[in-house]
Amino acid sequence: MTTERFEVQRQVAATPERVFEVLRDPRGHVAIDSSGMLQSAEGSVVGAVGDEFVVHMDRESLNDLPMGKYDVTVIITRFVPDTEIEWTISGTIQPPIKHLYGYRLEPSETGTLVTSYYDWSQIADRYREAEIFPVIPEAGLRATLGILARTVE
């Protein structure tokens, strides 16, 4: 069976509230991105399921598909303050692909245990057959956690 979800964890020496502050801010997503695709963001800090913001992307950073620069709308699908945030994107490909990204935060003795995940189990068969998933490798999630730690500690 093929894995259709990655989960990685890292201890971060900051409170869940401090970590969540970065994760709910559109500019925070850009600041901690390890892929280089997220160029800038527009929109307000999110506070509920259904909230949205726009991210200006550059797929040339991955050098895998000739998509160049484009915009995506991030749509929050789970939101539990200081505990969990998850989103999907709507972009140039319609209907939306239905891959999910998210973070779970657990208080720990040293700050916060942060779990980052990427789930593409709900994508349509035509995307699965194209063999372009996962877009971000597991190492990319780990690198982003490192940047998150550097940002909040």
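For clarity, every value in this text was computed on a predicted model and none was experimentally measured.

Participant: Give me the sheet that holds strand β7 (residues 111-119): which residues, what numbers.
Facilitator: Within the open sheet, the seven strands sit side by side as β1-β7-β6-β5-β4-β3-β2. Their pairing is antiparallel. Lying at the two open borders of the sheet, with one neighbouring strand each, are β1 (5-12) and β2 (38-42). Going from strand to strand, the sheet's axes swing by 25° on average, the running direction of each strand aside. Bridging between β2 and strand β3 (residues 52-58) involves four bridges; their strand directions are antiparallel. Pairing of Ala-41 across the sheet is with Val-55, part of β3. Most of the contacts of helix α4 (residues 138-152) go to β1, to which it runs at about 25°, and overall it touches β1, β6 (100-108) and β7.

Participant: Help me get a handle on the layout of surface pockets, residues and values and all.
Facilitator: Here the largest pocket defines a volume of roughly 610 Å³. Looking at the largest pocket, it is lined by 37 residues, and the ones nearest its centre are Met-37, Leu-38, Met-57, Tyr-101 and Ile-136. Every element with two or more residues in the lining of the largest pocket is listed here: α2 (26-32), β3, β4 (69-80), β5 (84-90), β6, β7 and α4. Residue composition of the lining of the largest pocket, grouped by class: 24 nonpolar, 11 polar and two charged.

Participant: So, the side chain of Asp-33: which residues are in play, and what are the values?
Facilitator: Relative to the assigned elements, Asp-33 resides in the loop between α2 and β2. Despite its burial, Asp-33 pairs with no opposite charge; the closest candidate is Arg-150, at 11 Å N-O. Setting aside residues up to four positions removed in sequence, Asp-33 forms contacts with Leu-38, Thr-144 and Ile-147.

Participant: Would you mind going over the packing of aromatic side chains in detail, with residue names and values included?
Facilitator: Taken as a whole and assessed by the stated rule, the structure comprises six aromatic pairs. Summarising the aromatic geometry, the rings of Trp-87 and Tyr-101 are spaced 6.0 Å apart at their centres and angled 15° between planes, so their arrangement reads as stacked. With Trp-87 in strand β5 and Tyr-101 in strand β6, this residue pair connects regions lying 14 residues apart in the sequence. The class of Trp-87 is buried, set by a relative accessible area of 9%. Judged by relative accessible area, which is 14%, Tyr-101 ranks as buried. Ring centres of Tyr-101 and Tyr-118 lie 4.5 Å apart, and the angle between their planes is 10°; this geometry places the pair in the stacked category.

Participant: Can you tell me about the nonpolar core, naming the residues and giving the values?
Facilitator: In this structure, Val-19, Ile-85, Tyr-103, Tyr-118 and Leu-148 are the most contacted members of the largest nonpolar core, which totals 42 residues. Element by element, the count of residues in this core is highest for α4, at six residues. Among all residues touching Tyr-118, those that are not within four sequence positions of it are Glu-4, Arg-5, Phe-6, His-99, Leu-100, Tyr-101, Phe-133, Pro-134, Val-135, Ile-136 and Leu-141.

Reading guide: rules and limits
- Residues numbered from 1 in each chain as written.
- Predicted model: local features only at pLDDT ≥ 70, side-chain atom pairs only at ≥ 80, totals over all residues.
- Heavy atoms only, no water.
- Pairing = 2+ DSSP bridges.
- Helix = DSSP H or I, 4+ residues; strand = E, 2+ residues; numbered from the N terminus.
- Axes fitted to C-alpha atoms, helices over the stretch in contact; angles between N-to-C directions.
- Contact = heavy atoms within 4.5 Å.
- 1 Å grid on protein atoms, 1.4 Å probe; cavity = no way out; pocket = protein on both sides within 12 Å on 5 of 7 lines; lining within 4 Å.
- Points joined across faces, edges and corners; volume = space filled by probe spheres on them.
- Nonpolar A, V, L, I, M, F, W, Y, C, P; charged D, E, K, R; others polar.
- Buried < 20%, exposed > 50% of the residue type's maximum accessible area, 1.4 Å probe, protein only.
- Lys, Arg positive; Asp, Glu negative; His and termini not counted.
- Salt bridge = Lys/Arg side-chain N within 4 Å of Asp/Glu carboxyl O.
- Phe/Tyr/Trp six-rings, centres within 6.5 Å; stacked < 30°, edge-to-face > 60°.
- Core = buried A, V, L, I, M, F, W, Y, C linked by side-chain atoms within 4.5 Å.

Taken by themselves, the reported measurements are silent on function.
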